[in-house]
Every structure is written in C-alpha cells, then in structure tokens.
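Each chain is listed here by its residues.
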Amino acid sequence: MLCDMPEHLKPLHTIKNPWGTNRMAKITIRLPDDKRNRLKALAQHRKISINKLFEELSTQALAEFDSETRFRALAALGNPQRGLEILDKLDAHFADDKAAE
C-alpha cells in the first residue's frame, strides 16, 4: 500500500535516506526563558539531556504527523459511503453497550 503512495504522502520513516545513515544536524530554537527553564526541569526529571528530550518530542510529533498523513492518504483512496456504513455500525454497537449498562 505504501509503495503506491506518492513520496510526499509516505510516513517519514519509510522514505529512504539518500545518505544511507542517520546524520545529525544542529538547530537553534528561540524560546522564552521560562519555557526553556521548564523544559530543562522536565529533562532533569526524566534524567535525560535537553537534546535527548527534543529528540523524543520530535519523534512523538513526527509519529503523530505520519499517522495523520497515512489516515488522509487512505481516506482519499477509500469509499466514503462504505466509511459511513462502518461508522453507523460502530454507533449501533456502542449504543447497544450503553443500553445494557
């Protein structure tokens, strides 16, 4: 399924790195002092560096982005009528569960 998707719709982790390695890059982020201090405290609480904290936050953000991108790509290929039928079936199932409580 992913092979058929245009390159810009594929989740980032499926796109081949042209360099063949996971290169590291530097970025500079301007943050208010209080936010920086809170992020530093969060990193200390987790016993990791601020760099590792940003790597973890980036991973979470990219996973969310990949999920949304995949959903949108699959939704574009899907059948809207069939999707509505499935949602109606789910609504009925969960309505029955609530009625039984």
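Residues numbered from 1 in each chain as written. Predicted model: local features only at pLDDT ≥ 70, side-chain atom pairs only at ≥ 80, totals over all residues. Heavy atoms only, no water.

Nonpolar side chains collect at one region of the surface, where Leu84, Ile86, Leu87, Leu90 and Phe94 lie side by side and expose about 460 Å² of accessible area between them. Note on placement: Phe94 falls in helix H3 (residues 80–100). (Patch = residues over 30% accessible without salt bridge, like charges linked within 9 Å, V, L, I, M, F, W, Y side chains within 5 Å. Areas by Shrake-Rupley, 256 points an atom, 1.4 Å probe, with all protein chains shown as cover. Salt bridge = Lys/Arg side-chain N within 4 Å of Asp/Glu carboxyl O. Helix = DSSP H or I, 4+ residues; strand = E, 2+ residues; numbered from the N terminus.)

The next point concerns unusual backbone geometry. With phi around 60°, Lys47 is a residue other than glycine that occupies positive phi space. Positionally, Lys47 belongs in the loop between helix H1 (33–46) and helix H2 (50–77). For Lys47, a relative accessible area of 72% gives the class exposed. (Buried < 20%, exposed > 50% of the residue type's maximum accessible area, 1.4 Å probe, protein only.)

For the rest of this paragraph, the subject is H2. Its 28 residues place the ends of H2 40 Å apart at the C-alpha level, agreeing with the 40 Å of an ideal helix rising 1.5 Å per residue. Leu53, Asp66, Thr69 and Ala73 are the residues of H2 that are buried. In the core, the buried residues of H2 are packed alongside H1. (Expected span 1.5 Å × (residues − 1). Contact = heavy atoms within 4.5 Å.)

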